[in-house]
Amino acid sequence: MSRTLFIADLHLCTEEPAITAGFLHFLQCEAQQCDALYILGDLFEAWIGDDDPNPLHQQIAAALKALPVPKFFIHGNRDFLLGKRFAHESGMTLLPEEQVLTLYGQRVLIMHGDTLCTDDEGYQRFRAKVHQRWLQRLFLALPLRIRMRIAARMRADSKQANQHKSLSIMDVNPQAVEEAMTRQQVRILIHGHTHRPAVHQLSLQGESAQRVVLGAWHEQGSMIQVDAAGVQLIKFPF
């Protein structure tokens, strides 16, 4: 069967071996039978540089490399520093933060999704700051142990800040969704980030449209399948 698969928000880390095992099983089974696999960010819980010797990263790179289908990656807010070295080691092609695909006769816009959360002004300011190339180069030039310390502090600060934000602020802004889909001339949008898996039916310039959101891999897997019949959100056990 001809189909394309999308996943996001696995947040792989050494502290969650069940999720890693679930992902490896997914690569060995479900992902073997697809035209391509797109990972829409936050594959890892954190990323402080391609030179991090974490054995988990090497394990995941080898498993991805062994998958005999085209693999593509869009950066998330957790792993936006993932670079060309790891992409090469894992056989993935890095994509820009917005990418339009033509799949089975349909134009589909894919992204991580954090750029749509425009109501969270504090996060958007932070995002703009850490996506400055000079700051990223400066951070990656620091010794590994210092990068680890900074990343741990930033995760703690983010967790604390999010506790005081309403759920609506951390979700996508409908106008931002409409603007992105209109700008890219698509009627299907696929993204992750919000951890709110759903298929949203929209009306866009008088035409029907869909926004399909991937779930996070907390207790089960989540993927989106696109084929000639349309778009399907699928959850499955590890």
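Source: prediction; values computed, not measured.

As for the environment of Leu-94
With respect to the secondary-structure elements, Leu-94 resides in strand S4 (residues 92-94). Using a relative accessible area of 28% as the deciding quantity, one classes Leu-94 as partly exposed. Ignoring sequence-local partners within four residues, the contact set of Leu-94 consists of Phe-73, His-75, Leu-82, Gly-83, Lys-84 and Ala-87.

So, the sheet that holds strand S1 (residues 3-7)
Strands in a sheet are paired, the pairing made by backbone hydrogen bonds, and the direction either parallel or antiparallel. Reading across the sheet, the six strands line up as S4-S3-S2-S1-S10-S11 and stay open at both edges, with mixed pairing between neighbours. Where the open sheet ends on each side, the last strands, each with one partner, are S4 and strand S11 (230-236). Each strand axis lies, on average, 25 degrees off the axis of its neighbour in the sheet, ignoring direction. Bridge count between strand S10 (residues 221-227) and S11: seven bridges; the pairing is antiparallel. Considered in S11, the bridge of Met-223 is made with Ile-234. Helix-sheet contacts for helix H1 (residues 17-28) involve S1, strand S2 (36-39), S10 and S11, and the interaxial angle to S1 is about 170 degrees.

Remarks on the UniProt feature "binding site: substrate" (unreviewed entry) in the protein
UniProt records the feature "binding site: substrate" (unreviewed entry) at Asn-77, Arg-78, Asp-120, Ser-158, Asn-162, Lys-165 and His-193, using the numbering of this structure. Among the structural elements, Asn-77 can be located in the loop between strand S3 (71-73) and helix H3 (84-90). Beyond its immediate chain neighbours, meaning those up to four positions away, Asn-77 contacts Asp-42, His-112, Asp-114, Tyr-123 and His-193. The topology assignment puts Arg-78 in the loop between S3 and H3. We classify Arg-78 as partly exposed; its relative accessible area is 26%. Among residues more than four places away in sequence, those in contact with Arg-78 are His-11, Asp-42, Phe-44, Glu-45, Ala-46, Trp-47 and Arg-155.

What to know about unusual backbone geometry
Look at Asp-9: it is not a glycine, yet its phi comes out positive at around 60 degrees. With a phi close to 55 degrees, Gln-205 is a non-glycine residue in the positive phi region. When you line up the elements, Gln-205 lands in the loop between strand S8 (198-204) and strand S9 (207-213).

About the cut-offs
Residues numbered from 1 in each chain as written. Predicted model: local features only at pLDDT ≥ 70, side-chain atom pairs only at ≥ 80, totals over all residues. Heavy atoms only, no water. Helix = DSSP H or I, 4+ residues; strand = E, 2+ residues; numbered from the N terminus. Buried < 20%, exposed > 50% of the residue type's maximum accessible area, 1.4 Å probe, protein only. Contact = heavy atoms within 4.5 Å. Pairing = 2+ DSSP bridges. Axes fitted to C-alpha atoms, helices over the stretch in contact; angles between N-to-C directions. UniProt positions renumbered as here; feature names shortened; annotations may be inferred.

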